[in-house]
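# Examining the three-dimensional arrangement
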Amino acid sequence: MTTRIKHLYIHVPFCNGICYYCDFARRIYDEKLADKWLDRLEREIEENCHDQYETIYIGGGTPSCLSLKQSERLLRFIYPYASKAIEYTIEANPESLDSGKISLYKQYGVNRISLGVQSSNDILLKTLNRAHDFNTVKNKIRLLKDNSLTNISIDLMYSLPGQDMDILKNTLEDILKLDVPHLSLYSLTIEENSVFGKKGISSLDEDVEADMYELIDKVLNDNGYIHYEVSNFAKKDYESKHNMGYWKYEDFLGLSVGASGKMGNNRYTNTRDLNTYLSSDNIRIENLYLDKKEMMFENIMMSLRTIYGLNIKEFEEKYGVNIRETYKKGLKNRYIIIKDDHLICDNPEVLNNVLLDFMD
Ligand code: SF4
């Protein structure tokens, strides 16, 4: 029996430029290559999509760097599976988003935009090799709102080289003025294969990073955002439904270069190499079998990331266990509380340590 999958993710592996911190599966946009990628993706979609998805997320890379014609092809491929999508997100960068693409996205049912902003400080944006300035961000947010696309999420970064508490504070103030309902904030991780990694740039001191996290938490809470997941803040009812699927440990289909997916006890990852993706029928480089113990742990690990926590009844039914018996040590951890039959970690900053008590 095949179970219905509710979530679809598609990775667009092209960007207009390469940010210095980035180690994702992406390369510089090339029109001909993007056409070939679309040909291959069409086949992958035909072979793998069998459901009407509740959430669809087109991420990357930079989906908005595709031409209008290519964007239309992409959305047309997905269209037969999107009629029941309650949340349909596309990622965009400010410099490549325009009114033509916004109208097209809307026409195909996209109802949420995730915009890569990172900072409001233009010097910092240059340090990261981002292609936009903050004025462009303001203009594009206005354009989205003028086109009634108001369900907007903004990605920001902190703990950046050259960023201090004042710069972060100013960015938060600038972002609050944009009045968008969802914000994701990620601290910089120096990836070995990124330009920063190769140049030997290091992250900020751990204590500074912790102070920045605290500042973000306070400022956003004071301004009506709910800190609903370790790195995510939303106005009431604007939590990311697609990401909530990951955090509830639901199955999802991931397509294209570098994407991964999970179906029951199988988790797979596609090749990160675009040439292999284009030329091979066998694009899955990893097919992992997860046993029950691993799945239960991953389920707990993902669910404790949100303030809603883990639904104990659902968990016990799904795995046929008694959670209080199975995780005696974990339940004794002082940061774990049980509220309304949900297991909750009341301090996301220490989540990794808390999880150690669920590992035995
Ligand atoms: S951070 Fe985003 S926009 Fe920048 S290179 Fe990576 S995928 Fe592209």
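Residues numbered from 1 in each chain as written. Predicted model: local features only at pLDDT ≥ 70, side-chain atom pairs only at ≥ 80, totals over all residues. Heavy atoms only, no water.

### Digging into the overall build of the protein chain
Here is the rule: Secondary structure elements follow DSSP: runs of H or I of four or more residues count as helices, runs of E of two or more count as strands, with numbering from the N terminus. Radius of gyration here uses only the C-alpha atoms, and the compact-globule reference equals 2.2 Å multiplied by the residue count raised to the power 0.38. A simple rule labels every residue: compare its accessible area, found with a 1.4 Å probe on the protein chains alone, to the largest value its type can have, and call it buried under 20%, exposed over 50%, or partly exposed in between. By definition, residues are in contact when any of their heavy atoms lie within 4.5 Å. For the charge count, each Lys or Arg is scored as positive and each Asp or Glu as negative, with His and the chain ends excluded. Charge coordinates come from a single atom per side chain, which is NZ of Lys, CZ of Arg, CG of Asp or CD of Glu.
The helix and strand tally for the protein chain stands at 15 helices and 17 strands. The globule rule puts the C-alpha radius of gyration for 360 residues at 21 Å, and the 21 Å found for the protein chain is close to it. Overall, the protein chain is about 55 × 55 × 40 Å in size when its C-alpha atoms are taken along their principal axes. Counting across all 360 residues of the protein chain, residues that qualify as buried make up 50%. Within the protein chain, residue pairs in contact and separated by at least 24 positions form 69% of the contacts whose partners lie at least 6 positions apart. Charged side chains of the protein chain number 45 positive and 56 negative; the gap between the two group centres comes to 3 Å.

### Topic: unusual backbone geometry
Although it is not a glycine, N129 sits at a positive phi angle of roughly 65°. Although it is not a glycine, S159 adopts a positive phi angle of roughly 65°. Relative to the helices and strands, S159 resides in the loop between β7 (152-158) and α6 (165-178).

### Brief notes about the packing of aromatic side chains
Our working definition: Aromatic rings from Phe, Tyr and Trp, with only the six-membered ring used for Trp, were paired whenever their centres fell within 6.5 Å, and each pair was classed as stacked if the ring planes differed by under 30 degrees, edge-to-face if by over 60, and tilted otherwise. Whether a charge sits over a ring depends on NZ of Lys or CZ of Arg being within 6 Å of the ring centre and within 35 degrees of the ring normal.
Per the stated rule, a full pass over the model turns up 11 aromatic pairs. When the centroid spacing of 6.2 Å and the interplanar angle of 90° are considered together, the rings of F14 and Y29 count as edge-to-face. Of this pair, F14 sits in strand β2 (residues 14-15) while Y29 sits in the loop between β3 (27-28) and α1 (31-48), and the two are 15 residues apart along the sequence. By the ring-pair criterion, three or more aromatic residues cluster together here, those being F315, Y319, Y327 and F358. Taking NZ or CZ as reference, K199 lies 4.9 Å from the ring centre of Y20, over its face. When the ring centre of Y268 is taken as reference, the NZ or CZ atom of R284 above it lies at 3.6 Å.

### Here's the deal with the sheet that holds strand β17 (residues 342-345)
Under the convention used in this document: DSSP bridges decide pairing: two strands pair if at least two such bridges lie between them.
Sheet architecture is open: three strands sit in the order β15-β17-β16, paired in antiparallel fashion. The outermost strands of the open sheet, each flanked by one partner alone, are β15 (310-311) and β16 (336-339). Both β16 and β17 contribute to a ladder of four bridges, which runs antiparallel. Looking at the pairing, K339 lines up with H342 of β17.

### So, the nonpolar core
Rule in force here: We call a set of buried residues a nonpolar core when its members are Ala, Val, Leu, Ile, Met, Phe, Trp, Tyr or Cys and they connect through side-chain atoms within 4.5 Å of each other. The source of the domain bounds is an automatic or database domain assignment.
Residues W37, L74, I154 and F358 are the most contacted members of the largest nonpolar core, which totals 92 residues. There are two domains that each give this core at least three residues, and those are domain 1 (7-246) and domain 2 (292-360). Setting aside its immediate chain neighbours within four residues, F358 contacts F297, I300, L304, Y327, G330, L331, I336 and L343. Formed by 10 residues, the second largest nonpolar core is a distinct cluster that contains C22, L160, L188 and F196.

### Some remarks on the site of the ligand
Keep this limit in mind: If even one non-hydrogen atom of a residue comes within 4 Å of a molecule or strand, that residue is called near it. Side-chain classes follow a simple rule in which Ala, Val, Leu, Ile, Met, Phe, Trp, Tyr, Cys and Pro form the nonpolar group, Asp, Glu, Lys and Arg form the charged group, and the remainder, Gly included, forms the polar group.
In the region of the ligand, the neighbouring residues are C15, G17, I18, C19, Y21, C22, F24, G61, T62, N93 and R130. A class-by-class count of the residues in the shell around the ligand yields six nonpolar, four polar and one charged.

### Some details on the domain arrangement of the protein chain
How we decide: Defined in terms of a 1.4 Å probe, buried area is the accessible area two parts forfeit on being brought together, summed over both. By definition here, a salt bridge exists when the distance from a side-chain nitrogen of Lys or Arg to a carboxyl oxygen of Asp or Glu is within 4 Å. We define a polar contact as two N or O atoms separated by no more than 3.5 Å, with the added condition that, inside protein, one atom must be a possible hydrogen donor and the other a possible acceptor, whereas residues neighbouring each other in sequence contribute only through side-chain atom pairs.
When cut into domains, the protein chain gives domain 1 (7-246) and domain 2 (292-360). Measuring from the centre of the C-alpha atoms in domain 1 to the corresponding centre in domain 2 gives 29 Å. Residue-level contacts link 11 residues of domain 1 with eight residues of domain 2. Where domain 1 abuts domain 2, roughly 820 Å² becomes buried across the two surfaces, and 60% of that area is made up of carbon and sulfur atoms. Our enumeration of links across domain 1 and domain 2 arrives at one salt bridge. The salt bridge partner of R305 is E229, with a shortest N-O separation of 2.5 Å. Put simply, domain 1 and domain 2 have four residue pairs in polar contact (both at pLDDT 80 or more) between them.

### Side note on the packing of helix α5 (residues 134-146) against α6
Here is the rule: Only the stretch in contact is used when fitting a helix axis, every axis being a line fitted to C-alpha atoms; angles between N-to-C directions are given from 0 to 180 degrees. Angular relationships are summarised with four words: roughly parallel below 35 degrees, roughly antiparallel beyond 145, roughly perpendicular across 65 to 115, and oblique for the angles in between. Should the near helix be turned anticlockwise from the far one by less than a right angle, the crossing is termed left-handed; should it be turned clockwise, right-handed.
Look at α5 against α6: their axes get within 11 Å of each other, and the N-to-C directions meet at 20°. In terms of orientation, α5 lies roughly parallel with respect to α6. At the point where α5 passes α6, the crossing takes the right-handed sense. In contact with F134, V137, K138, I141 and K145 of α5, α6 contributes D174, I175 and L178. Each residue belonging to the contact of α5 with α6 can be placed in one class, and the counts come to five nonpolar, no polar and three charged.

### Considerations on the layout of surface pockets
How we decide: Points on a 1 Å grid over protein atoms alone make up a cavity when a 1.4 Å probe fits among them but cannot get out, and a pocket when they form an open set with protein on both sides within 12 Å along at least five of seven lines; lining residues each have an atom within 4 Å of a point. Grid points are joined across faces, edges and corners, and a volume is the space filled by probe spheres set on the points.
Size it by volume and the second largest pocket reaches roughly 330 Å³. If you trace the second largest pocket, you find 16 residues lining it, with K248, N299, S303, N311 and E314 closest to the centre. When residues of the lining of the second largest pocket are traced back to their parent elements, those giving at least two are α9 (241-247), α11 (292-303), β15 and α12 (312-319). Considering each element in turn, the lining of the second largest pocket owes the most residues, three residues, to α12. Considering only residue class, the lining of the second largest pocket consists of six nonpolar, six polar and four charged.

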